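Secondary and tertiary structure notes
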Amino acid sequence: MRILVVEDQPSLLKTIARRLQEDGYSVDTAKDGEEGLDFALVSDYDCIVLDIMLPVIDGMTVLKRLRENNIVTPVLFLTAKDAIEDRVRGLDLGADDYLIKPFSFDELLARIRALLRRQSISRETVIKIKDLTLDTNTHAVTRGGKPIELTAKEYAVLEYLMRNKGRLLTRSQIADHVWNYDFEGNSNIVDVYIRYLRRKIDDGFEDKLIQTVRGSGYMMRGES
């Protein structure tokens, strides 16, 4: 899952990005509304965490322009304002949720998970394909009832595949959702992580769940 965070307080921006990355998300950051709008208009995000009081372009204007461009990505507003009229205005413009500063990072993560579930093709907390299960709350993964230990990036790739079961995903689509905008790794990084996952998910099982579509990308078998 790929998230954009737009916040003008450097320390808070850094902390939010670190906490999200520790939770397995790919994160891009912007320090003002103009930069955040540019990111959101050219990249595909699963969620946007957007401060209201931003320099250059304020958060309300950023949101308005996103919706005018038919970008329906869930937006979680961060605000120091607790006035009802501010929350009403943001919701009317198309915001999906609010979090008032100062806030608990655990609550921020919980609200993001809720927005992602709301948008996801699969809204269940636990995603299951055959005997493979993935819990989006705890990040626990099992196959045949046995726990599977995954790194944060392995988990992110697997979750993206499972949420899109039965759908072909290109290498570019997977990279865009799992690695951030500034990533400059090897061009075969997706293939490398698919190999890691196959060793943990498919090796030792007759029923192979991760499928290669030659010359195109990868797909998780769609049968539940």
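A quick note: this is a predicted structure, and the numbers were derived from the prediction, not measured.

1. Concerning the overall build of the chain
Looking only at helices and strands, one finds eight helices and 12 strands in the chain. For the chain, whose C-alpha radius of gyration is 18 Å, the value lies close to the compact-globule estimate of 17 Å for 224 residues. In the chain, 60% of the contacts between residues at least 6 apart in sequence involve partners at least 24 apart. Surface summary for the chain: the accessible area is close to 11,100 Å², and the carbon and sulfur share equals 47%. The distance from the centre of the 33 positive side-chain charges to the centre of the 37 negative ones in the chain is 5 Å.

2. Some details on the side chain of aspartate 97
When you line up the elements, aspartate 97 lands in strand β5 (residues 97–100). A distance of 2.8 Å separates the side chain of aspartate 97 from the side chain of arginine 111, its partner in a polar contact. When sequence neighbours within four positions are dropped, the list of residues in contact with aspartate 97 reads Val75, Leu76, Phe77, Arg111 and Leu115.

3. Focus: the side chain of aspartate 51
Relative to the assigned elements, aspartate 51 resides in strand β3 (residues 47–51). Under the relative-accessibility criterion, aspartate 51 is labelled buried at 2%. Looking at aspartate 51, its side chain comes within polar contact range of the side chain of lysine 101, at 3.3 Å. With residues near it in sequence (within four places) discarded, aspartate 51 still touches Val6, Glu7, Asp8, Gly59, Leu78, Thr79 and Lys101.

4. What about the domain arrangement of the chain?
Taken domain by domain, the chain holds domain 1 (1–118) and domain 2 (124–218). Computed over C-alpha atoms, the centres of domain 1 and domain 2 are 26 Å apart. Contact with domain 1, which involves 14 residues of that partner, is made by 18 residues of domain 2. Here domain 1 meets domain 2 over a buried area of about 1,300 Å², counting both sides, of which 48% is carbon and sulfur. Considering only the side of domain 1, the residues that lose the most area to domain 2 are Met1, Arg2 and Arg117, jointly responsible for 40% of the buried surface there. In this assembly, domain 1 and domain 2 are joined by zero salt bridges. For the pair domain 1 and domain 2, the number of links is one residue pair in polar contact (both at pLDDT 80 or more).

5. Re the confidence of the model for the chain
Averaged over the chain, the pLDDT score is 87; the fraction of residues at 70 or greater is 91%. Across the chain, the element-wise mean pLDDT spans from 76 in helix α4 (residues 84–93) up to 96 in strand β8 (residues 141–143).

Quick notes on the rules
Residues numbered from 1 in each chain as written. Predicted model: local features only at pLDDT ≥ 70, side-chain atom pairs only at ≥ 80, totals over all residues. Heavy atoms only, no water. Helix = DSSP H or I, 4+ residues; strand = E, 2+ residues; numbered from the N terminus. Rg over C-alpha atoms; globule rule 2.2 N^0.38 Å. Contact = heavy atoms within 4.5 Å. Areas by Shrake-Rupley, 256 points an atom, 1.4 Å probe, with all protein chains shown as cover. Lys, Arg positive; Asp, Glu negative; His and termini not counted. Charge placed at Lys NZ, Arg CZ, Asp CG, Glu CD. Polar contact = N/O pair within 3.5 Å; in protein donor to acceptor, adjacent residues only side chain to side chain. Buried < 20%, exposed > 50% of the residue type's maximum accessible area, 1.4 Å probe, protein only. Domains from an automatic or database assignment. Buried area = accessible area lost by both parts, 1.4 Å probe. Salt bridge = Lys/Arg side-chain N within 4 Å of Asp/Glu carboxyl O. pLDDT = per-residue confidence, 0-100.

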